[in-house]
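Now for the letters of each chain:
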Amino acid sequence: MREAHPIEAAVGMEHYVSDADGVGGRLRDEDRDFRVKELEQFDAEPLDADTGSYPHLVVRATLVGWDTNDFARRLSDALGISRERVSWAGTKDKHAVTTQLFSLRSVDPDDLPDVRGAEMTPVGRAGRAVQFGDLAGNEFAVVVRDPERPENADAIIEELRAFTGGDADADDGATTVGVPNYFGQQRFGSRRPVTHEVGLHVVREEWEAAVMAYVGNPYETEPEDTRRARRRVEEVAPDWDAALDALPRKLGFERAMVHELVENGGDAPADFRAALEALPTNLQRLLVNAAQSYAFNRMLSERLRRGLPFDRPVEGDVVAFAETVDGLTVPDTDRRQRVTAERVRTVERHCERSRAFVTAPLVGTETELADGEQGDVERAVLADLDLAPEDFDLPGEFDSSGTRRAILVRTDLELDRDPLTLEFSLPSGSYATVLLREFLKTDPLDVS
């Protein structure tokens, strides 16, 4: 089992599945080298539907070079509305060509602005906002530029095929491969992977430490002026006026947090919590989600280290049964079963036929940990992080009841060689970079 790059290990991805050397090369030399199209799972009414009953305008946007949060902010500014009135199902990367749905509350199609790098097409109206859960998955077409060892792709594919339990080739000639269903680097910040650190402080209700981990805490891969500003914040705190002066306008979220401290005094736990609540609600949730994701990644790495299978259960595992959504077979985490000694072989057969998936927890207040060796893995990781399910009983957007997530993600992979291109689909919540890292085995910044 091959050790991962240190930056990946820092967010819990401690190993590669494939031992073969990578193909090398780079991703995203140009935005068009990384194409993502949502597999939509959202029904809209016609555009002429009653706006009283259907106040949300649904728009399909193809974006070039836009981070989803940045685009939502730019779009809301152009429309003169709150960013909270802009919603979407899945957050996409900046350096890509992405096609996805947005909903805009109380917006008329004729009011849509021209935004550089965006083509927007109104597709209908809806009675509620597009939200997480309205996305079945994503289709990817990814070009690897200047690979040093493109011939290694075949060996990697065979190892990833074996990791799934040796599934047969798909009907369309693609090969079924699988990887641990890690949360990718961008979940934690591609260039500054600290979101989980902030989230761990939040879950422990260490509000001041959470703010400083977000606003201060310079990271070596950031631009020098950003690092200098973060160092200055750490030097002058708790002089929040001076801290605000030190932060450039491009660090908008950090400035919003420090401005809240200036307004409230910034010397009590409630003040620091209020500073975190100055972030958009989706980013508040992301902090706790990142802490959960980090613990999940650690659990998968430990399962790999112990040599436990991912494609089939062992005694004590918790499995989720399958459902099919827009042609993708995904786990229904509301239909779970704990695997007893007597049921291991029966559930193995379900997993072999993609009727069930082995899971691990995204820990929250309602989490019940596994039994057996997987239960030992889960408890050991939580003990090391000083976390327990009840710690997620938190105020506002920081609260989480938790869920479970499949530990293996499979996909039918098509490989073209000139240029080296990988085409595949993944269910919602799974990361393309987790598959791509197995092929490149380079600095994560070349993959993220």
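The structure we're discussing is the one just above.
Residues numbered from 1 in each chain as written. Predicted model: local features only at pLDDT ≥ 70, side-chain atom pairs only at ≥ 80, totals over all residues. Heavy atoms only, no water.

Focus: the overall build of the chain
Next, step 1: Broken down by element type, the chain carries 13 helices and 15 strands.
Next, step 2: In terms of principal-axis extent, the alpha carbons of the chain reach across some 60 × 50 × 50 Å.
Next, step 3: The buried share of the chain, taken over its 448 residues, is 54%.
Next, step 4: For the chain, the share of sequence-separated contacts (at least 6 apart) that also reach a separation of at least 24 residues comes to 73%.
Next, step 5: A total accessible area of about 19,300 Å² is found for the chain, and carbon and sulfur atoms account for 41% of it.
Next, step 6: The average position of the 54 basic charges and that of the 88 acidic charges among the side chains of the chain differ by 1 Å. (Helix = DSSP H or I, 4+ residues; strand = E, 2+ residues; numbered from the N terminus. Buried < 20%, exposed > 50% of the residue type's maximum accessible area, 1.4 Å probe, protein only. Contact = heavy atoms within 4.5 Å. Areas by Shrake-Rupley, 256 points an atom, 1.4 Å probe, with all protein chains shown as cover. Lys, Arg positive; Asp, Glu negative; His and termini not counted. Charge placed at Lys NZ, Arg CZ, Asp CG, Glu CD.)

Things to note about the side chain of E38
Next, step 1: Take E38: it is sitting in strand β3 (residues 34-40).
Next, step 2: A polar contact is formed between the side chain of E38 and the side chain of K92, at a distance of 2.8 Å.
Next, step 3: If sequence neighbours within four positions are ignored, E38 has contacts with G90, K92, T99, Q100, L101, L135, G137 and N138. (Polar contact = N/O pair within 3.5 Å; in protein donor to acceptor, adjacent residues only side chain to side chain.)

Digging into the sheet that holds strand β10 (residues 318-325)
Next, step 1: Across the sheet, four strands lie side by side as β11-β10-β12-β13; this open sheet has antiparallel pairing. Strand pairing shows two members of the sheet lacking a second neighbour, β11 (328-338) and β13 (403-406), which therefore form its edges. Strand after strand, the sheet turns through a mean of 50 degrees between neighbouring axes, direction not considered.
Next, step 2: Two strands pair when backbone bridges link them, and β10 and strand β12 (residues 356-362) are joined in this way by four bridges, in the antiparallel orientation. Within β12, the residue paired with V318 across the bridge is T359.
Next, step 3: Contacting β12 and β13, helix α10 (residues 281-305) runs over the sheet at an angle of about 125 degrees to β12.
Next, step 4: Its contacts with the sheet place helix α11 (residues 344-352) against β10, β11 and β12, and it is angled at close to 100 degrees to β12. (Pairing = 2+ DSSP bridges. Axes fitted to C-alpha atoms, helices over the stretch in contact; angles between N-to-C directions.)

Some details on the environment of D111
Next, step 1: Relative to the assigned elements, D111 resides in the loop between β6 (97-105) and β7 (118-126).
Next, step 2: The spacing of D111 and A78 is 33 residues in sequence and 9.6 Å in space, taken between C-alpha atoms.

Details of the packing of helix α4 (residues 195-203) against α10
Next, step 1: At their nearest, the axes of α4 and α10 sit 7 Å apart, and the two run at 100 degrees to each other. As the angle between them shows, α4 and α10 are arranged roughly perpendicular. Here T195, H196, V198, G199, L200, V202 and V203 of α4 lie close against α10, whose contacting residues are L286, L287, V288, A290, A291 and Y294.
Next, step 2: Partitioned by chemical class, the residues of the contact of α4 with α10 number ten nonpolar, three polar and no charged. (Parallel < 35°, antiparallel > 145°, perpendicular 65-115°, else oblique. Nonpolar A, V, L, I, M, F, W, Y, C, P; charged D, E, K, R; others polar.)

Observations concerning the packing of aromatic side chains
Next, step 1: In this structure the tally under the stated criterion is ten aromatic pairs.
Next, step 2: When the centroid spacing of 5.7 Å and the interplanar angle of 70 degrees are considered together, the rings of W66 and F71 count as edge-to-face.
Next, step 3: A relative accessible area of 0% places F71 in the buried class.
Next, step 4: R303 extends its terminal NZ or CZ atom over the ring of F310, reaching a point 5.9 Å from the ring centre. (Phe/Tyr/Trp six-rings, centres within 6.5 Å; stacked < 30°, edge-to-face > 60°. Lys NZ or Arg CZ within 6 Å of the ring centre and 35° of its normal.)

Examining α11
Next, step 1: What α11 keeps buried is the set V344, V347, E348 and C351. On an axial view of α11, the arc spanned by its buried residues comes to 110 degrees, and they lie on one face.
Next, step 2: Here the buried face of α11 lies against β10, β11, β12 and β14 (408-417). (Arc of directions from axis to C-beta.)

What about a negative patch on the surface?
Next, step 1: Residues D412, E414, D416 and E423 make up a contiguous surface patch of negative charge.
Next, step 2: In terms of residues, the negative patch owes the most to one element, β14, which gives three residues.
Next, step 3: Within the secondary structure, D412 is located in strand β14.
Next, step 4: D412 sits in the partly exposed class, given a relative accessible area of 35%. (Patch = residues over 30% accessible without salt bridge, like charges linked within 9 Å, V, L, I, M, F, W, Y side chains within 5 Å. Salt bridge = Lys/Arg side-chain N within 4 Å of Asp/Glu carboxyl O.)

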